[in-house]
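Structural characterization, general
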Amino acid sequence: MSAGIESIVVLTGAGISAESGIDTFRDAGGLWEQHSIYDVATPEGFARDPDLVLRFYDERRAGLARVEPNAAHIALARLEAEFAGELLLVTQNVDDLHERGGSRNVCHMHGELKSALCTSCGTRSRWETTMIDRPACPVCRAPTLRPDVVWFGEMPYQMQRIEEALARCDLFVSVGTSGAVYPAAGFVAQAKAMGAQTLELNLEPSEGTAIFHEARHGPASQLVPEWTRALLNVS
Ligand code: OAD
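Note that the structure is a prediction, hence the values are computed from the model and not measured.

**Topic: the site of the ligand**
Close to the ligand lie 24 residues; Ala14, Phe25, Arg26, Thr177 and Ser178 are nearest. Within the side chain of Thr177, one N or O atom sits 2.6 Å away from an oxygen atom of the ligand. Computed on the free molecule, the ligand has an accessible area of 800 Å², of which 95% lies beneath the protein chains in the complex. Its atoms largely coinciding with the cavity grid, the ligand occupies the largest pocket. Taken together, the residues of the shell around the ligand sort by class into ten nonpolar, ten polar and four charged. Per-domain counts for the shell around the ligand show at least three residues from each of domain 1 (1–22 + 69–110 + 156–235) and domain 2 (24–66 + 113–149).

**What to know about the pairing of strand β7 (residues 171–175)**
Taken across its five residues, β7 has five buried, putting it largely inside the fold. Burial along β7 is two-sided: the residues Leu171, Val173 and Val175 and Phe172 and Ser174 are all buried. One ladder, built from five bridges, connects strand β1 (residues 7–12) with β7; its direction is parallel. In the strand pairing of β7, Val10 is matched with Val173.

**Structural notes on the packing of aromatic side chains**
Across all of its chains, the model carries five aromatic pairs by this definition. Between Phe46 and Trp151, the aromatic rings sit 5.3 Å apart at their centres with planes inclined by 45°, giving tilted as the arrangement. With a gap of 105 residues between them, Phe46 in helix α4 (residues 43–48) and Trp151 in the loop between β6 (145–149) and α8 (159–168) connect regions that are remote in the sequence. By the burial criterion, Phe46 is buried, and Trp151 matches it. Between Phe172 and Phe212, the aromatic rings sit 6.4 Å apart at their centres with planes inclined by 25°, giving stacked as the arrangement. Placement of the pair is Phe172 in strand β7 and Phe212 in the loop between β8 (197–202) and β9 (214–217), with a sequence separation of 40 residues.

**A closer look at the sheet that holds β6**
Strand order in the open sheet formed by three strands is β5-β4-β6, and the pairing between neighbours is antiparallel. Both outer strands of the open sheet, β5 (124–126) and β6, are each paired with one neighbouring strand and no more. Across the sheet, the axes of successive neighbouring strands diverge by a mean angle of 45°, strand direction being ignored. Taken together, the three bridges between strand β4 (residues 111–118) and β5 define a ladder with antiparallel strand orientation. Within the sheet, the bridge partner assigned to Ala116 lies in β5 and is Ser125. Contacts from helix α5 (residues 50–63) reach β4 and β6, with the element oriented near 55° to β6.

**Some remarks on the environment of Gln34**
Looking at the element boundaries, Gln34 is found in helix α2 (residues 31–34). Taking the C-alpha atoms as reference, Gln34 lies 27 Å from Gly186; in sequence the two are 152 residues apart. Excluding residues that lie within four positions of it along the chain, Gln34 makes contacts with Asp23 and Gly29. Within polar-contact distance, the side chain of Gln34 engages the side chain of Asp23 at 3.2 Å. In terms of polar contacts, Gln34 uses its side chain to reach the backbone carbonyl oxygen of Gly29, at 2.6 Å.

**Overview of the pairing of β4**
In terms of burial, β4 is a largely internal element, eight of the eight residues being buried. For β4 and β6, the ladder comprises five bridges, and the chain directions are antiparallel. Across the sheet, the residue bridging to Glu112 is Asp148, located in β6. The hairpin formed by β4 and β5 contains five residues between the paired strands, and Gly122 there has a positive phi angle of roughly 80°.

**Considering the domain arrangement of the protein chain**
Domains assigned within the protein chain are domain 1 (1–22 + 69–110 + 156–235) and domain 2 (24–66 + 113–149). Centre-to-centre, using C-alpha coordinates, domain 1 lies 26 Å away from domain 2. In this assembly, 14 residues from domain 1 lie in contact with twelve residues from domain 2. Where domain 1 abuts domain 2, roughly 1,000 Å² becomes buried across the two surfaces, and 54% of that area is made up of carbon and sulfur atoms. Contact with domain 2 buries area across many residues of domain 1, yet Val94, Asp96 and Tyr157 alone supply 45% of it, more than any other trio. In this structure, the connection of domain 1 to domain 2 is made through one salt bridge. Of the charged contacts in the structure, one is a salt bridge between Asp96 and Lys114, with a shortest N-O distance of 2.9 Å. Run the count over domain 1 and domain 2 and you get six residue pairs in polar contact (both at pLDDT 80 or more). A breakdown of the residues in the side of domain 1 that touches domain 2 according to their chemical character gives seven nonpolar, three polar and four charged.

How each quantity is defined
- Residues numbered from 1 in each chain as written.
- Predicted model: local features only at pLDDT ≥ 70, side-chain atom pairs only at ≥ 80, totals over all residues.
- Heavy atoms only, no water.
- Near = heavy atom within 4 Å.
- Polar contact = N/O pair within 3.5 Å; in protein donor to acceptor, adjacent residues only side chain to side chain.
- Areas by Shrake-Rupley, 256 points an atom, 1.4 Å probe, with all protein chains shown as cover.
- 1 Å grid on protein atoms, 1.4 Å probe; cavity = no way out; pocket = protein on both sides within 12 Å on 5 of 7 lines; lining within 4 Å.
- Sits in = over half its atoms within 2 Å of the grid points.
- Nonpolar A, V, L, I, M, F, W, Y, C, P; charged D, E, K, R; others polar.
- Domains from an automatic or database assignment.
- Buried < 20%, exposed > 50% of the residue type's maximum accessible area, 1.4 Å probe, protein only.
- Helix = DSSP H or I, 4+ residues; strand = E, 2+ residues; numbered from the N terminus.
- Pairing = 2+ DSSP bridges.
- Phe/Tyr/Trp six-rings, centres within 6.5 Å; stacked < 30°, edge-to-face > 60°.
- Axes fitted to C-alpha atoms, helices over the stretch in contact; angles between N-to-C directions.
- Contact = heavy atoms within 4.5 Å.
- Buried area = accessible area lost by both parts, 1.4 Å probe.
- Salt bridge = Lys/Arg side-chain N within 4 Å of Asp/Glu carboxyl O.

Next comes the structure, spelled out in structure tokens:
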């Protein structure tokens, strides 16, 4: 699948971070079995019980200190460094494991745990600590920070950049995502309609698996390095 490939879009989801110890959303025991989406991942839930929501994301942010990137994150960073063509790495994940694996240019379409969004002035600021204590926005000083995470009913980040990359890529690769949440779940069909080859790398068939030209099933820590090594023609 590597001949003539000049532009690649890779989409990652929670499955790429599962082997690092971060819970996925929809697998058995996943986050959406432990918590209600409506309580912790909607603007309405935040308005109803901000403490619950701030504590939920504070805990997840603190949890990042206990996990490390795995071979799949590291393989994608190597791909970014060594692939001669264009690569856009789009992640639905709010963790920082791609960056800690060495990727420089990551498009976090669902936001980031280590970012705060001020609901007063709209500024997005790097954020490493907690929000439950209502810290001041570093720019406008209002105590109105929320997690900079895209909730259901909100618009994902950088959609124009992603759609332009999907339209011109030769290869679209989806890693560790169930294909249950739009717009990301629609990227494979968009790329395919514009002529791209499409490859799924997932533990099991995703909801969209039949749309892909090729699907390989197994753990990301194995499948992703195998794929990147073959593409880069290295051992
Ligand atoms: P899901 O939990 O829906 O799906 C995770 C996928 O990863 C499943 O298809 C698993 O089979 C697969 N998987 C699990 N372990 C794996 C492994 N070791 N290697 C490869 N694949 C593995 O997570 P997402 O698809 O990322 O949005 O969820 C998409 C969005 O739904 C999230 O970004 C989040 C959530 O609600 C928001 O919060 C806005």
